Amino acid sequence: MEKRIDVNIPCGELMLEGVLEYPNDKTGKLPAAVICHPHPLFGGNMHNNVVRAVRKGLLERGFVCLRFNFRGTGGSWGAYTNGIGELEDVKAAVDFIISQDAVDGERLLVAGYSFGCWVGMRAGHQDVRLKNLIGISPPLNEYDYDFLENETRPKFLIVGDNDFVCSVDNFKKLLNKIPEPKTGIILPNTDHLHIGRENRLVDEINKFLDTYAV
């Protein structure tokens, strides 16, 4: 059976609530992923359907997975800071997962959904320890992603064709600006929430990781 542990992640003077999970029947040093949830002011947390689907898919690939609640969400201390302190939350989560004995510190990725995509990819851009950056439903209508224009690590971005915070036109413009290696996917008949479409989303992430394995 997969091993699941409720954890507390130190982040400066704060403590963040998280769940650390290990894949079934895997030994030795394993790749690992930090997964970031959508906007906390709109009900986002680490139990979100997309976060859980990504975590399930990565566990099945043999990844150790850490999902956590941003500051001020669920049992995490502190308060929302509009993506500023949340950057520190991601860095703290990376520090935490690297400290685990079963984790190969050379095989790490960050995956984020919606607000978590913006924060996670920004944090990943600043952190050389992360090998791949995965962004799901980037809220391009709300946030700036220019930092990706000089990001040379493998990048995966995916959006639904009916996403209300990321128009297909804006998504294509971003893809045209950022350098290789990159993968950009537009899912048909899919909105921002991905309800009922989670398996297709995970399939596309798996294809990316088949090419750009960590």
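Relevant structure appears above.
Caption draft 1: Representation of the pairing of strand β8 (residues 182–187) in the model. Where strand β7 (residues 155–160) meets β8, six bridges bridge the pair, whose relative direction is parallel. Within β8, the position partnered with Phe156 by the bridge is Thr183. Handedness of the crossover joining β7 and β8 through helix α4 (residues 168–177) is recorded here as right-handed.

Caption draft 2: Geometry of the packing of aromatic side chains. All told, the structure shown has nine aromatic pairs when counted by the stated rule. Directly above the ring of Tyr22 sits Lys3, whose terminal nitrogen or CZ lies 5.4 Å from the centroid. Above the face of the Trp118 ring, Arg122 is positioned so that its terminal group lies 4.0 Å from the ring centre.

Caption draft 3: Structural view of unusual backbone geometry. With omega at -5°, the peptide bond leading from Glu180 into Pro181 counts as cis. In this fold, Pro181 is placed in the loop between α4 and β8. You will see that Asp25, though not glycine, has its phi angle at about 55°, which is positive. With a phi close to 60°, His194 is a non-glycine residue in the positive phi region. Its place among the elements puts His194 in the loop between β8 and α5 (198–211).

Basis of the calculations
- Residues numbered from 1 in each chain as written.
- Predicted model: local features only at pLDDT ≥ 70, side-chain atom pairs only at ≥ 80, totals over all residues.
- Heavy atoms only, no water.
- Pairing = 2+ DSSP bridges.
- Helix = DSSP H or I, 4+ residues; strand = E, 2+ residues; numbered from the N terminus.
- Right-handed = clockwise from strand over helix to strand, strands pointing away.
- Phe/Tyr/Trp six-rings, centres within 6.5 Å; stacked < 30°, edge-to-face > 60°.
- Lys NZ or Arg CZ within 6 Å of the ring centre and 35° of its normal.

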